[in-house]
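# Coordinate analysis (summary)
These are the residues of each chain, in order.
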Amino acid sequence: MPPGSREIAESCLDLLNIELVRSYSEQLKGRPELAGRRVEAIGFQVGQQLVERATKERPRFADHLEVIKFICKDLWSDVFKKQVDNLKTNHRGTFVLQDTRFRWLTRLSSDVPPPGTPVSPSDTPAARASAEAGAYLYFPCGLIRGALTNLGIPCTVSAEVNQLPACSFTIKIKP
Amino acid sequence: MKAALRPGDAAFANVEKVNAELFTLTYGAVVRQLLTDHEDVDDVNKQLDSMGYNIGIRLIDEFLAKSNSAKCADFRETADVIAKVGFKMFLGVSPTVANWSPDGKECSLLMDDNPLVDFVELPDTCQGLSYCSILCGVLRGALEMISMRTEVRIVKDMLKGDDVYEIRMRLIETVPEELPYKDDE
């Protein structure tokens, strides 16, 4: 079968991603920042290679906005099986991509504390979901950064979860 | 008359699918990062195998839930289901089961089409790398969850010039299922 047209079960990718996060956080116990950076680096490579293949046949992008739109539509559909729901920008190099149902978080559940546990005001369901989902967002952040970097836009990418499985990614283009 | 779908094809038709390219590139990037992290290629092989094991112990749940497979009578039947249903359902390919040992405890899965290695070439510096050892771990982990302790290794590797991938599986023992509590408790 020619590479490119082949399909595999989506769970293979899910299981690999879960194991990636688990294995790095175990290897680098107590250093979650470093574990996150390794996983981000893997995502970065994947993003770079993906766009290289996806943009082979298309004309050059005219400006940054066109590249970002390509990410929101084409890349998002290829990787996350839908398009970004909302794109915002401050017109000074910051873009916020909102996905109301981020594919890679749809099968994640967050723990509910046992009844009777004292709940601190900062320990809201949203805060907890965000903390737990955070580890799984290094990979997609890296992937987006890799894709943009390869299309000539050096940037930083961060992610935020408010209510699972909604998620927003903030892209800051380096001046 | 239209032939009924083979069990593997039916299972593959029923699962959510993604473009294999994304998976293949992701796996490649993982291997590359591990090569950067570890100096010794053997450590990378071990790490891949252990990641596979952890995947296998979770993957078996999905397999049992979605494959519609009945309980296997012996290791021969198990190997057959792995090749025809398991591989097909997850990776879309079906290896051939061959080279049985006379005691029926050891066999090979042979495949010439392997989605893990699309776009992959091993540089000279990585000849010791067993690129697909994750598959060994997955098989070992999944089988352990259904009471079979096995030893799984890759004996032929197309990335190293062989004409086929050969994964050798040996059944060490069948562990009797131990229930955590008695009926009357």
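What counts and how
Residues numbered from 1 in each chain as written. Chains lettered and ligands numbered in written order. Predicted model: local features only at pLDDT ≥ 70, side-chain atom pairs only at ≥ 80, totals over all residues. Heavy atoms only, no water. UniProt positions renumbered as here; feature names shortened; annotations may be inferred. Helix = DSSP H or I, 4+ residues; strand = E, 2+ residues; numbered from the N terminus. Polar contact = N/O pair within 3.5 Å; in protein donor to acceptor, adjacent residues only side chain to side chain. Patch = residues over 30% accessible without salt bridge, like charges linked within 9 Å, V, L, I, M, F, W, Y side chains within 5 Å. Areas by Shrake-Rupley, 256 points an atom, 1.4 Å probe, with all protein chains shown as cover. Salt bridge = Lys/Arg side-chain N within 4 Å of Asp/Glu carboxyl O. Core = buried A, V, L, I, M, F, W, Y, C linked by side-chain atoms within 4.5 Å. Buried < 20%, exposed > 50% of the residue type's maximum accessible area, 1.4 Å probe, protein only. Contact = heavy atoms within 4.5 Å. Pairing = 2+ DSSP bridges. Buried area = accessible area lost by both parts, 1.4 Å probe. Nonpolar A, V, L, I, M, F, W, Y, C, P; charged D, E, K, R; others polar. Phe/Tyr/Trp six-rings, centres within 6.5 Å; stacked < 30°, edge-to-face > 60°. Lys NZ or Arg CZ within 6 Å of the ring centre and 35° of its normal.

As annotated in an unreviewed UniProt entry, chain B carries the name Trafficking protein particle complex subunit and is attributed to Klebsormidium nitens. According to UniProt, the comment filed for chain B under the heading Subunit (unreviewed entry) is "Homodimer." As its UniProt record puts it under Function (unreviewed entry), chain B is described as follows: "May play a role in vesicular transport from endoplasmic reticulum to Golgi."

The name that an unreviewed UniProt entry assigns to chain A is Transport protein particle (TRAPP) component, with the source organism given as Klebsormidium nitens. Taken verbatim from the UniProt record of chain A, the Sequence similarities (unreviewed entry) comment is "Belongs to the TRAPP small subunits family. BET3 subfamily."

Turning next to the side chain of N114 of chain B. Tracing the sequence through the fold places N114 of chain B in the loop between β3 (106–111) and α5 (133–145). Here L116 of chain B takes part through its backbone nitrogen, which lies 2.9 Å from a polar atom of the side chain of N114 of chain B.

A surface patch of nonpolar side chains, about 260 Å² in accessible area, is lined by L64, M145 and I146 of chain B. Residue position: L64 of chain B is located in helix α3 (residues 41–66).

What follows concerns the nonpolar core. By size, the foremost hydrophobic cluster in this structure holds 105 residues, and its most contacted members are L97, F169 and I171 of chain A together with M169 of chain B. With 10 residues, the single largest contributor to this core is helix α4 (residues 75–91) of chain B. Dropping the residues within four chain positions of it, I171 of chain A is found in contact with I68, G93, T94, F95, L97, I144, L148, C155, T156 and V157 of chain A.

All names here are of chain A. By the criterion of burial, strand β5 (residues 167–173) is predominantly enclosed, with 6 of the 7 residues buried. Direction of pairing for strand β3 (residues 94–99) relative to β5: antiparallel, over a ladder of 6 bridges. Bridging from a neighbouring strand, V96 pairs with T170 of β5. In this sheet, β5 lies alongside strand β4 (residues 155–161) in antiparallel orientation, the contact comprising 7 bridges. If you follow V157 over to β5, its bridge partner there is I171. Counted between consecutive antiparallel strands, the loop separating β4 from β5 contains 5 residues.

So, about the interface of chain B and chain A. The interface of chain B with chain A comprises 38 residues on the first partner and 34 residues on the second. For the pairing of chain B and chain A, the buried interface totals around 3,500 Å² over both sides, and the portion due to carbon and sulfur atoms is 62%. Among the residues chain B hides against chain A, the three largest losses belong to V18, L22 and L25 of chain B. Together they make up 18% of the total. Our count for the contact surface shared by chain B and chain A stands at 7 salt bridges. Salt-bridge contacts for R6 of chain A lead to D118 of chain B; the nearest nitrogen and oxygen are separated by 3.0 Å. Along the contact surface separating chain B from chain A lie 14 residue pairs in polar contact (both at pLDDT 80 or more). Elements that contribute at least two residues to the side of chain B that touches chain A include exactly β1 (17–19), α2 (20–37), α3 and α4 of chain B. Examining the composition of the side of chain B that touches chain A, we find that 13 residues originate from one element, α2 of chain B, more than from any other. Considered class by class, the residues forming the side of chain B that touches chain A number 21 nonpolar, 8 polar and 9 charged.

Right, let's get into the environment of K46 of chain B. All names here are of chain B. Of note, K46 is situated in helix α3. For K46, a relative accessible area of 56% corresponds to the exposed category. In this structure the C-alpha to C-alpha distance between K46 and S130, which are 84 residues apart in sequence, comes to 9.3 Å.

Going through the model one piece at a time under the given rule, you end up with 11 aromatic pairs over all chains. Ring geometry for F80 of chain A against F102 of chain A: centres 4.7 Å apart, planes inclined by 55 degrees, an arrangement best described as tilted. You can see F80 of chain A sitting in helix α3 (residues 64–80) and its partner F102 of chain A sitting in the loop between β3 and α4 (125–134), a full 22 residues away along the chain. A relative accessible area of 0% means that F80 of chain A is categorised as buried. Judged by its relative accessible area of 0%, F102 of chain A is buried. Following the ring pairs from residue to residue traces out a cluster consisting of W76, F80, F102, W104, F139 and F169 of chain A. The ring of F12 of chain B has K17 of chain B sitting right over it, with the charged end atom 4.7 Å from the ring centre. Cation over ring: R76 of chain B sits above W100 of chain B, and NZ or CZ is 4.5 Å from the ring centre.

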